[in-house]
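Next come the chains, spelled out residue by residue.
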Amino acid sequence: MILIFFAVALLITIIFSFMDYQRKLNRQLYELSKRLDQIQGGFTYSLSNSLWKIDDEQTKIILESILRQQDIQLVKVTHRGEEILSLGEPVDEDYAIKRTYPLTINFAAKTEYIGDLEITATDRHMRSLMSEELLGYIQVEFLKVIVFIIFSVLFLKLIITRHIETITEFFRKNNIYESQKKLILNREYELWKGNSEDDLDELVYSINSMVEKLHEELQVRKKTEKELTQINESLEKRVEEKTKQLLESDRIEAVVEMSAGVAHEVNSPLSVVYGLNRRINKMIKKGDVDIDALKKVSVMLESSVKRIFSITNALYMLSDVTNSNSQRQVHLEKMIDESMKGIVEVFKSSVGRIDYLYHQLPKSILISKTMFYQLLYILVYLRAKAMESQNEHSWIRIEFSQADNQILITCYDNGAKLEGEERGALLDPFKSIALRDRGSLLMLGTFASLVNKLGAKLNFVDSNKSIFVQVRIPYGEDL
């Protein structure tokens, strides 16, 4: 601001200086014009007489007298364009001021033309003097502006800015939470102040009053904040306890629901084993042992036992949490085959057909095999519950692919369409109590937790007016 003020003041000074320069220059030119006009009355008559008498010496004296006039540089006497006599030096046309006066004489009642007097003056010297005067004037004004600004800055520093700095330091260093220090300005150098209060005194009083009230208000708020923190901690503990109770309740409900389905799946191959065992006993009692029949029974027993093992292995993988977070390099296609084989057996009676396919997968990846299996299991479980009619027409298809260093698991099915609330529940299973079906909260929460632990992202693919689930799992480098 000081620089701007200085520049504006200097600019105004220069403008007015040039205006004054032009005014004085015009005045000097006017005086020069008057002096040239006076030459006509003071010299032309005597010069005409000397020329008529052919008195060259007198003519020269008169011309020298004219030349000695201020600012006149050249005088000539010409006759019809021819130069008769000339004194002085040529003048630059840019600075030349010319006058021409006719020279005549009265003779025998007639006016005889003798010649012309040409006078050339210059304003160069005049302009030079005026420029020097202008430069000196600008220098003086420049110094006056500088001195004025210096004293103005010192004056502002003394009466205003030093008090502003004191007020700024007061707010910067004073902790209004703990201190009630008052603001005091040092005004002992202000001799003109007297005993009366001014605006700065009113400002200091207002600041101290405001700080005092603010300190009291902050103390009250601090106390209230502390009480609210204690209440909040108490509420958090109660919410945590209720959440544990809710999760435990949902866990029991989910386990009961899953146990019923698993028991049904296990009972089916066990019934086959039981029936085949009775058939073998009958053959033994009759003593009629048919080797070919025994081979067929053995094959059927082996198939049923393998199915039972697939179901129990799947349950073991689902319940194993000891090493669920440990990652290792696994053969991806082999892991998918093993995982889906057990899942198909578990949900064989719940879903009419479960298919899976994979293409363009990396050979091996770094991942937790247990968490991968648990993610697939819960995904199929959630979509199996969405089937409108659990019969031979229900189906689930899971596609495995890769893109941008991610494993894409996309689940298609003909179950109920995922609505907005259901998608929100998958992303945030504990958001709404109204979305809690029997045992679903635990499964939704577990699914969301597994997605998070694998560092994956959950997407919803809108295809043919149906919403399908897609999980994108980042994987490590191939071997």
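Data block above holds the structure.
Quick notes on the rules
Residues numbered from 1 in each chain as written. Predicted model: local features only at pLDDT ≥ 70, side-chain atom pairs only at ≥ 80, totals over all residues. Heavy atoms only, no water. Helix = DSSP H or I, 4+ residues; strand = E, 2+ residues; numbered from the N terminus. Salt bridge = Lys/Arg side-chain N within 4 Å of Asp/Glu carboxyl O. Buried < 20%, exposed > 50% of the residue type's maximum accessible area, 1.4 Å probe, protein only. Patch = residues over 30% accessible without salt bridge, like charges linked within 9 Å, V, L, I, M, F, W, Y side chains within 5 Å. Areas by Shrake-Rupley, 256 points an atom, 1.4 Å probe, with all protein chains shown as cover. Pairing = 2+ DSSP bridges. Axes fitted to C-alpha atoms, helices over the stretch in contact; angles between N-to-C directions. Parallel < 35°, antiparallel > 145°, perpendicular 65-115°, else oblique. Left-handed = near helix turned anticlockwise from the far one by under 90°. Contact = heavy atoms within 4.5 Å. Nonpolar A, V, L, I, M, F, W, Y, C, P; charged D, E, K, R; others polar. Lys, Arg positive; Asp, Glu negative; His and termini not counted. Charge placed at Lys NZ, Arg CZ, Asp CG, Glu CD.

**Examining unusual backbone geometry**
Backbone geometry places glutamine 360, a non-glycine residue, at a positive phi of 55 degrees. Position of glutamine 360 among the secondary structure elements: in the loop between strand 6 (353-358) and strand 7 (364-367). The phi angle at aspartate 404 is positive, at roughly 55 degrees, despite the residue not being glycine. In this fold, aspartate 404 is placed in the loop between strand 8 (395-402) and strand 9 (406-413).

**Side note on the pattern of salt bridges**
The final tally for this structure, using the stated rule, is eight salt bridges. The partner of glutamate 217 in a salt bridge is arginine 221, and the shortest N-O contact between them spans 3.2 Å. Here glutamate 217 pairs with arginine 221, and both are found in helix 5 (residues 199-286), just four residues apart, close to one helical turn. Note on glutamate 217: relative accessible area 36%, which makes it partly exposed. Accessibility expressed as a relative area gives 55% for arginine 221, which makes it exposed. The structure contains a network of salt bridges with shared partners spanning Asp20, Arg23 and Lys24.

**A few points about a nonpolar patch on the surface**
The grouping of Met1, Ile4, Val8, Leu11, Ile12, Ile15, Phe16 and Met19 at the surface amounts to a nonpolar patch, some 870 Å² of accessible area in total. Examined against the element boundaries, phenylalanine 16 turns out to sit in helix 1 (residues 2-42). Of the residues examined, phenylalanine 16 reaches a relative accessible area of 54% and is grouped as exposed.

**What to know about helix 2 (residues 44-52)**
Turning to helix 2, its buried residues number three or more, namely Thr44, Leu47, Ser48, Asn49, Ser50 and Leu51. Trailing helix 2 by a residue or two, isoleucine 54 shows a phi angle of about 55 degrees, which is positive.

**Looking at the pairing of strand 4 (residues 110-122)**
Pairing of strand 1 (residues 72-79) with strand 4 involves six bridges; the strand directions are antiparallel. Among the inter-strand pairings, valine 75 is bridged to a residue of strand 4, identified as isoleucine 119. Between the antiparallel neighbours strand 3 (residues 96-107) and strand 4 lie two residues, among them alanine 108 with a positive phi of about 55 degrees.

**Things to note about the pairing of strand 3**
When strand 3 meets strand 4, the two strands line up antiparallel, connected through 12 bridges. Bridge pairing in strand 4 links tyrosine 101 to leucine 117.

**Considerations on the packing of helix 2 against helix 3 (residues 56-67)**
Here helix 2 crosses helix 3 at 155 degrees, and the two axes come no closer than 8 Å. Relative to helix 3, helix 2 is oriented roughly antiparallel. At the point where helix 2 passes helix 3, the crossing takes the left-handed sense. On helix 3, the residues that touch Ser46, Leu47, Ser50 and Leu51 of helix 2 are Gln58, Thr59, Ile62 and Leu63. Of the residues assigned to the contact of helix 2 with helix 3, the class counts are four nonpolar, four polar and no charged.

**What about a positive patch on the surface?**
On the surface, Arg278, Lys282, Lys285 and Lys286 cluster together into a patch of positive charge. Tracing the backbone shows lysine 286 in helix 5. The exposure class assigned to lysine 286 is exposed, which follows from its relative accessible area of 70%.

**Details of the packing of helix 7 (residues 332-346) against helix 8 (residues 369-385)**
It is at 10 Å that the axes of helix 7 and helix 8 come closest, and there the two elements cross at 35 degrees. When you trace helix 7 past helix 8, the crossing you get is right-handed. Residues Met335, Ile336, Glu338, Ser339, Met340, Gly342, Ile343 and Val346 of helix 7 pack against Lys369, Phe372, Tyr373, Leu376, Tyr377 and Val380 of helix 8. When the residues that make up the contact of helix 7 with helix 8 are grouped by side-chain class, the tally is 10 nonpolar, two polar and two charged.

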